[in-house]
Amino acid sequence: MMTMLRRPLFWLILLLAGIFAWLPVRGNNVALREDLILVAVAIILTSNLNLMIGYTGYVNFGHIVFYGLGGYLGLYLATVRGWHLVISALVAGVLVSLVALLFGLGILRLRGAYFALATIGVLVAVQAFVANFEPWGRSTGMYVSFDSYAPLGGPRHALWTTYFLVIGVMALSLLLSLAIKSSKFGLGLFAIREDEDAAIVLGVNATVYKAIIYSVSAFLPAVAGALMFFKNGMIDPSIAFEYMLSLEGIVMLMLGGSGTVAGAALGAGLYERLRSYLLTSPRLSEFHLVIAGGLLLLVIRLAPGGLIGWLYRLIPHSREVVE
Amino acid sequence: MTGLLEVRGISKRFGGLQAVSDVSFTLNEGEILGLIGPNGAGKTSLFNLVNGVYKSDKGSIMFAGKDITGLSPDRVVRLGLARTHQIVRPLQGMTVLENVIVGACFGRENQSMHDAHATALEVLEKVGLAKRAYSPARALTLASKKRLEVARALAAKPKLLLLDEVLAGLNPTEIAQMIDIIHSIRDSGISVFMIEHVMQAIMNLSDRILVLNLGRKIAEAPPAEVVHNTDVVEAYLGFPDIVDKLRGMA
Amino acid sequence: MSGILASMIDGLLIGSVYGLAAMGLSLIWGVMDVINLTHGSMIALGMFGMYLLFAAIAGNPYVLLIPVIAAGLLLGILVYWLSVNWVVGRSQLMSLLSTFAVNMMVIGIGTAIWSTSPYNVDFSLSGITVGAYTFTGNHIAAAISALLIALLLEAFLYHTRAGKAIRAVADNRDAAELMGISSTRVLMVAFAIGIALAAASGALVSTLFPFTILSGAGYQLKSFVVTVLAGLGKPFGALVAGVLLGLLEGAVSPFIAVSWIPLIEFGLFVIVLIFFPRGIFGKATA
């Protein structure tokens, strides 16, 4: 823990979270808050996806499944069961992590592209299950009852509370990435990414490591899903498990620099702003996928290390600060 | 007296190919046991059986008094049985030092990152790679990659080290250096089981030699006896040069 | 009872179109070890290609398949140079991402042109009535077309020089290069054929059901299921597995809501991947 305090990125993460929390409060800027919460969610999803793709070398095309399941469980617990939002979100996170552990023990027996395909299968199967699941409203989904906002001091207050909670989850996501990166556990993951068979012969218990990181990478996205869908007031299978969002997470990660903590945040932030700009621009809104796809193609072709990889090449010593 | 490694009746079949067939042997504590045989004799397969990369069809493996039959490679290395690969497999994207830290962290002593760092530097010094500690592993020459393989395995603080053709592809100077490294490993109390095609080296290094042919053990004896064993000579008949070399050396 | 039989026969007819789509994916996968994530968008372009041709010429859709396939070949060459050539032999992550990037661009352009509202090709052949059941003419014609295309591919792969070169490269790229086969050209041709098969299957689907630019994604997923069932790089196995998947859909659809089918298919997919990674027809090798 003491070594964490000596790392510049640790303080930068706290600073970032502080700025996110402070900016919209100043002048009570609700529009800015809504923009920033989307950036925060993008950072949460991307940095946790990075634990699989960047750290372990396993492409998860269905990462959004954790976010969506977290949203459903959180909403169910908070509205149907009437639990406090924070408790609901945490319990949702734990349950989704357990589900992920279960899935992981199965599909992580697969390597490389086979694993990637299986994650698509998991996404589609879970979505199909939820769309047929009666207690969760099948394809129409669920709504947050007005009463559910009461424990948080009414709807207006509840929206601010959720915002701060999401910012907290964002900071935790980045800190988690940083902590894992410098740990022995992280070293084992990187060894698996480089050459799984060699890593096993060196003593890394790849089966257990992969299952744990898959499960860990599910936790904070699930918590964020619970908070976000509560804030939005409703959930249904098509918005909870949006395949495109799952895939855009990969674009964000590659853009910023896969395997780096700062890269995940940078890529998510930049891409999310770009996407919001494109989606609201009257002329370009229809082309946001074209631009995203072209961007991804350019990045992997010209700078496979992403923006951070490019920074490393430009200033080699930047590695010590930007991890 | 029981040996450090006791292999009893081990067999492995791949489809129609009997790669290893009913092989038994004992490796004593502190010795260097050589493993030779013509190409395709099943040498690397035997290594893969011993360290758990392959699951054996039959037979048992005892290591340091424990039954390790069927254990996965990561469990085996934690018990103190490390190996190198014939085809070098550095973790390409990491530095030389990080590669060795992985070996130390997940080896027999299960070291912390901090201790592993110290161990890694020490081991790199020993194999002569200290100057390259911060180079990316992919930038090393073949000879250095072989040393890295040895360093990673040593960092695991093994009781027994399996070396799979660490001399192949090296020039005479590099071979001499590697032989010194192997001697120093044995002197530090680590037993060695090594596959080698460089006959002069293995004849000089080994206390005893195990000979495989077509997956079967055909001899297990000190080097001087092995070269006069008729089965061994026959196995190498297709390779008359080697027979001559063997004879010349003994 | 005969209701199930009729439903299964119908599933078998549609399944042959799944099989055709999967053949394209499987061919590319087997020859160059690239999982082509543009597959779905190419199926969708096949649908819209047929729609546009039919709207312009109003000819017989089964004749219009020929220009769709030709356009698919050209498109395949374009996509090959854009996203595949430079990732062949590199990590699978790279080829997944580069083909996925092209997929996003195609879907983006398609959405801008056609939005995501449904289209259909207004053409129907008279069906065949057996007892109380009528088998739609379009389903029968689609199945026959799919089989014909599969037979043509088989003839090409086994009885032409170019086809043999493709099989040689699939078998062992290095050895084929040593024998003087230019692997880049062979890979390009194989990729183009894979895309043409995807486009052809999309064109056939457009005569069966209404479609949107996003419809390809569903068929892409079915293609994955089918390819994995058959074992990778076995195009004709993929055809058989496609028919089996259609049969399965036909067999279960009288009993459960249609919305459950994806869950069954992808549950099956994940289970087959885990327990039979070489496909249900595959043999374990060392």
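Remember, predicted model here, so these are calculated numbers, not experimental data. (Residues numbered from 1 in each chain as written. Chains lettered and ligands numbered in written order. Predicted model: local features only at pLDDT ≥ 70, side-chain atom pairs only at ≥ 80, totals over all residues. Heavy atoms only, no water.)

Enquirer: Help me out: how do you make sense of unusual backbone geometry in this one?
Expert: Backbone geometry follows two general trends: most residues other than glycine have a negative phi, and most peptide bonds adopt the trans configuration. All names here are of chain B. Unlike most non-glycine residues, alanine 64 shows phi in positive territory, near 50°. As for its placement among the helices and strands, alanine 64 is situated in the loop between β4 (58–63) and β5 (66–67). By relative accessible area, which is 33% here, alanine 64 ends up partly exposed. (Helix = DSSP H or I, 4+ residues; strand = E, 2+ residues; numbered from the N terminus. Buried < 20%, exposed > 50% of the residue type's maximum accessible area, 1.4 Å probe, protein only.)

Enquirer: Is there a simple way to explain the packing of aromatic side chains in this structure?
Expert: The geometry of an aromatic ring pair comes down to the distance between the two centres and the angle between the two planes. Taken as a whole and judged by the stated rule, the model has 35 aromatic pairs over all chains. Between B:Phe14 and B:Tyr54, the aromatic rings sit 5.0 Å apart at their centres with planes inclined by 75°, giving edge-to-face as the arrangement. With B:Phe14 in strand β1 (residues 5–14) and B:Tyr54 in the loop between α1 (43–50) and β4, this pair connects stretches of sequence that are 40 residues apart. When the ring of C:Phe266 is compared with that of C:Phe269, the centres are 6.2 Å apart and the planes differ by 85°; the resulting orientation is edge-to-face. Placement of both C:Phe266 and C:Phe269 in helix α11 (residues 261–275) is noted, with a separation of three residues, approximately one turn of the helix. Each member of the pair C:Phe266 and C:Phe269 is classed as buried. In this structure an aromatic cluster arises from ring pairing among A:Tyr72, A:Tyr76, A:Phe129, A:Phe133, A:Trp136 and A:Phe241. (Phe/Tyr/Trp six-rings, centres within 6.5 Å; stacked < 30°, edge-to-face > 60°.)

Enquirer: Looking at this structure, I do not really get the domain arrangement of chain B. What am I missing?
Expert: Interface size is commonly expressed as the accessible surface area that is lost when the partners come together. Residue and element names in this part refer to chain B. Parsing chain B into structural domains produces domain 1 (5–80 + 158–249) and domain 2 (88–157). The C-alpha centroid of domain 2 is placed 24 Å from the C-alpha centroid of domain 1. Taken together, the contact pairs 21 residues of domain 1 with 15 residues of domain 2. Both faces combined, the contact of domain 1 with domain 2 buries some 1,500 Å², and carbon together with sulfur accounts for 66% of it. The largest contributions to the domain 1 side of the interface with domain 2 come from Arg78, Pro158 and Ile181, which together make up 38% of the buried area. (Domains from an automatic or database assignment. Contact = heavy atoms within 4.5 Å. Buried area = accessible area lost by both parts, 1.4 Å probe.)

Enquirer: Looking at this model, I keep getting lost on the pairing of strand β9 (residues 208–213) of chain B. Mind explaining?
Expert: Along any regular strand the residues' side chains alternate between the sheet's two faces. Residue and element names in this part refer to chain B. The buried count for β9 comes to five of six residues, which makes it a mostly enclosed element. Strand direction decides the pairing type here: strand β3 (residues 32–36) and β9, joined by four bridges, are parallel. Each residue of the ladder has a partner; that of glycine 34, found in β9, is isoleucine 209. Summarising the sheet, β9 and strand β10 (residues 216–221) pair through five bridges and their orientation is antiparallel. (Pairing = 2+ DSSP bridges.)

Enquirer: Where do I start with the sheet that holds strand β2 (residues 17–27) of chain B in this structure?
Expert: Strand-to-strand pairing in sheets goes through backbone hydrogen bonds, with the strands running parallel or antiparallel. Strand order in the open sheet made by the four strands is β2-β1-β4-β5 (chain B), with antiparallel pairing throughout. The open sheet terminates on both sides in strands that have one partner only, identified here as β2 and β5 of chain B.

Enquirer: In this structure, what is going on with the side chain of C:Thr207? I would like to understand it.
Expert: All names here are of chain C. Mapped onto the fold, threonine 207 is located in the loop between α8 (183–206) and α9 (215–230). Within the structure, the side chain of threonine 207 is placed 2.6 Å from the backbone oxygen of leucine 204, a separation counted as a polar contact. Ignoring anything within four residues of it in the chain, the contact list for threonine 207 reads Pro61, Tyr62 and Asn138. (Polar contact = N/O pair within 3.5 Å; in protein donor to acceptor, adjacent residues only side chain to side chain.)

Enquirer: I would appreciate a short explanation of the pattern of salt bridges in the present structure.
Expert: Close approach of charged atoms allows side chains of opposite charge to pair. Evaluated as defined, the whole model comprises 24 salt bridges over all chains. The residue B:Arg208 makes a salt bridge to B:Glu31 at a minimum N-O spacing of 2.7 Å. Of this pair, B:Arg208 sits in strand β9 while B:Glu31 sits in the loop between β2 and β3, placing them 177 residues apart in sequence. The exposure class of B:Arg208 is buried, given its relative accessible area of 18%. Taken together, the shared-partner salt bridges in this structure form one network comprising A:Arg111, A:Asp195, A:Glu196, A:Asp197, A:Lys210 and B:Arg89. (Salt bridge = Lys/Arg side-chain N within 4 Å of Asp/Glu carboxyl O.)

Enquirer: Before we go on, may I ask you to explain the interface of chain C and chain A in this structure?
Expert: Listed as interface residues are 38 residues of chain C and, on the opposing side, 39 residues of chain A. The contact between chain C and chain A buries some 3,400 Å² in all, and 83% of this surface belongs to carbon and sulfur atoms. At the junction of chain C with chain A, the criterion picks out zero salt bridges. Viewed at the interface, chain A and chain C are joined by one residue pair in polar contact (both at pLDDT 80 or more). For the side of chain C that touches chain A, the elements supplying multiple residues, two or more each, are α3 (61–84), α4 (92–114), α9 and α11 of chain C. Tallied by class, residues from the side of chain C that touches chain A come to 32 nonpolar, six polar and no charged. (Nonpolar A, V, L, I, M, F, W, Y, C, P; charged D, E, K, R; others polar.)

Enquirer: Can you walk me through the environment of A:Ala113 in this structure?
Expert: The topology assignment puts A:Ala113 in helix α6 (residues 112–131). For the pair formed by A:Ala113 and A:Ala100, sequence separation is 13 residues and the distance between their alpha carbons is 19 Å. Leave out the neighbours within four places in its chain, and A:Ala113 touches C:Ile35 and C:Gln92.

Enquirer: Help me out: how do you make sense of the environment of A:Asp35 in this one?
Expert: With respect to the helices, strands and loops of the structure, A:Asp35 is situated in helix α3 (residues 30–56). Put simply, A:Asp35 and A:His317 are 282 residues apart on the chain and 34 Å apart in space, counted from C-alpha to C-alpha.

Enquirer: Explanation requested: the environment of B:Ala82 in the structure shown.
Expert: Residues and elements named next belong to chain B. Along the chain, alanine 82 falls in strand β6 (residues 81–83). Since its relative accessible area comes to 2%, alanine 82 is described here as buried. Each C-alpha atom, one on alanine 82 and one on methionine 62, is 15 Å from the other, the two residues being 20 residues apart in sequence. Excluding its chain neighbours within four sequence positions, the residues that come into contact with alanine 82 are Val77, Ala153, Ala156, Pro158, Leu160, Leu161 and Leu162.

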